[in-house]
Amino acid sequence: MSDILNCLLVSVKKIITANLPFVILIAILFGYFTVRALPENRWNGWKCCSTQVLLTARYWARDGFFNHYILGLNQGYGKIVRYFDEPELQHHAHGAVASNLLAQKLYYTHYPVFYIAPLAFMMRLGIDSLFIFKLLAIAASIIGLVFFYAFIKSISNKITAFIAAFYFALSPVFTGNADILEYLPLEDALVFSIMFLSIFFLNRLNLKNFDYYKTYLMAIWVASFLLSLVSYNSTIFIFTWLIGLTAIYFWREKLFHKKITFVFLIALWASAPILGIAIHLIQNVAYLGWSDMWLDIYGTYISAGNSVKLDFITRIEGMIRPFFSMAGIYNFYTLIAPYGLSKIKQIFLPNSIPLIYIFSFLIIFTIAIIIKIRKKLNGLYWPPLSITLLLLVAPLSQTFFLPFVGYRDYMGRLAAPFVGVVIGSVAYNIFLILKKRNYLTLTKRFFLFFAFFIIGLLFAIQITLSFIQPLPTSLSNSEIRFTQYVKNITAGEKAVFMIDKRDISVDDKELEMRKAYISSFNYFIKDYLIWAYYLDMPLLNFIKTSYLVKDLLFLEKRAEFPFTAIVTSDSKVLIDEIYQKLRANQLLLKPVEMVENRYLFIVSPSIP
């Protein structure tokens, strides 16, 4: 046993020594993210989405997974939410339903949510620390970065891999989501592990000894299956990568006469996501029923950018946008546009030409020049062209089928391998050229200067976007103290009814939209779900005092169990108006009190 342990320690020491710069990088990143996660009210850019994960995990941990169809439930914990699927209260449901084919539903049905399971198990064991949950996400992100580095290294070299990983680690695509409690960290770990394992597998595959490699096949298949249970944002990407890599291997080894083996591998790669999707459909059928499940799928597909009304330019932009999100160029332009860059652009180019197409043209033009003079750039290093092209095609295949998804900046992570390989290879070639600087031709001097300038500019952009902008926070410390007071105000079932001054400040057009069963949660950056997380009870928000009174009276009659209603507002006028209306309906009310600059009163439970 001691010999095995010694061998393991020696192997780990060799790996660390051989990759020391990268090890130092991940140690610094882990320390940075850990310190960033310490403040209780410091959440990530997806703070409301992270809250949804925690709210769902509470239901799964306390009630059991199957009691909630293993679907997302974005509500504060309490029995009262069972009535939010009824027509009278559907406007309080936070489950996503695309288009107007179905009314708002209680459970979230569009994407798989098995990534919540680890948090639910931890809560089941009594762990309820937000900091611990953030550390779990950070660990998954770091693991994803390790596999990213290992993958790039397997198709290039150590220097290229380090530069690519360093660039990805500096990007807001990574830093902005490294501690998110949603699926992104786990998705990264699975995606990049699949890419590394598949390269490792095919580089060593010998069809004459195929049985020996079944372990690698099984590992890739299991990771692909788990990925389909975590997210659909990279399902097509990974499938394209796997079948493309398989085709490259069979073409390189001249094995296309092995048709049965080729078809077997393609079927194997396809079976993992198909099984994952089938499980998700079974969950949705159990909740929605067969017909509504198909309506939900159709509405979701249309809302993801596949409407017949979607114009060609919008679709193409959605396909290529992840590459610019990953490079940081588009976001950097958006960030500094208020300082006059957009005005400079208007002097030379018409408003009708989006900047993303200008950059696309410049990149294609630059690639064309490099191809034209490639013979004069002999002696430089580039990864295999077939692999590089596959890394370009795979993200495009994902956003081709779901173009609007490409407009989400976090989708830049799918373009990260391609962007990383390109930037890492160019930077490595700069290093090679500098070693021969006394013998450089004019062409190579120009290439060196141009490439050095572009690489430096891109790194500066990523640093600006990731570390100069202020970190997002959620509730203030005063608001958190208020939630703790309300949480412990009484025992038994409770629910909070909230209406603030901001909630009633809407124009007529938006008010009409809200009347059509769209909750105020969808319109304000009010962090209502974060309120629900800290309150640990259902939270109902309103835009008119009459709506609050109406729904409270309905629930008083409908609820099959007693519950305490806590009405709160940041306005004395609003709280007094609600108090008078409820007293007129002869409900048992306690006096209005003020806590942490908020007003509240309790509606004592009535016996059903």
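Predicted model only: the values in this text are computed from it and were never measured. (Residues numbered from 1 in each chain as written. Predicted model: local features only at pLDDT ≥ 70, side-chain atom pairs only at ≥ 80, totals over all residues. Heavy atoms only, no water.)

Caption draft 1: Region of interest: the pattern of salt bridges. One pass over the structure, following the stated rule, counts 12 salt bridges. One salt bridge connects Arg-62 with Asp-536, and the closest N-O pair in it is separated by 3.1 Å. In this pair, Arg-62 is assigned in helix H3 (residues 47-63) and Asp-536 in the loop between helix H22 (528-535) and strand S4 (539-541), connecting sequence segments 474 residues apart. Of the residues examined, Arg-62 reaches a relative accessible area of 40% and is grouped as partly exposed. With a closest N to O distance of 3.6 Å, Arg-558 and Glu-560 form a salt bridge. The exposure class of Arg-558 is partly exposed, given its relative accessible area of 28%. (Salt bridge = Lys/Arg side-chain N within 4 Å of Asp/Glu carboxyl O. Helix = DSSP H or I, 4+ residues; strand = E, 2+ residues; numbered from the N terminus. Buried < 20%, exposed > 50% of the residue type's maximum accessible area, 1.4 Å probe, protein only.)

Caption draft 2: Inspection of the sheet that holds strand S5 (residues 564-569) at higher detail. In spatial order, the strands read S4-S3-S5-S7-S6; together these 5 strands make up an open sheet with mixed pairing. The sheet is open, and its two borders are formed by S4 and strand S6 (593-595), each paired with just one other strand. Each adjacent strand pair in this sheet contributes to an overall mean axis angle of 30 degrees, direction not counted. Strand direction decides the pairing type here: S5 and strand S7 (residues 598-603), joined by 5 bridges, are antiparallel. Looking at S7, one finds that Ile-566 is bridged to Ile-602. Where helix H20 (residues 477-487) meets the sheet, its contacts fall on strand S3 (494-498), S5, S6 and S7, and the angle it forms with S7 comes to roughly 15 degrees. Each of S3, S4 and S7 is contacted by H22, which is oriented at about 150 degrees to S4, the strand it contacts most. (Pairing = 2+ DSSP bridges. Axes fitted to C-alpha atoms, helices over the stretch in contact; angles between N-to-C directions. Contact = heavy atoms within 4.5 Å.)

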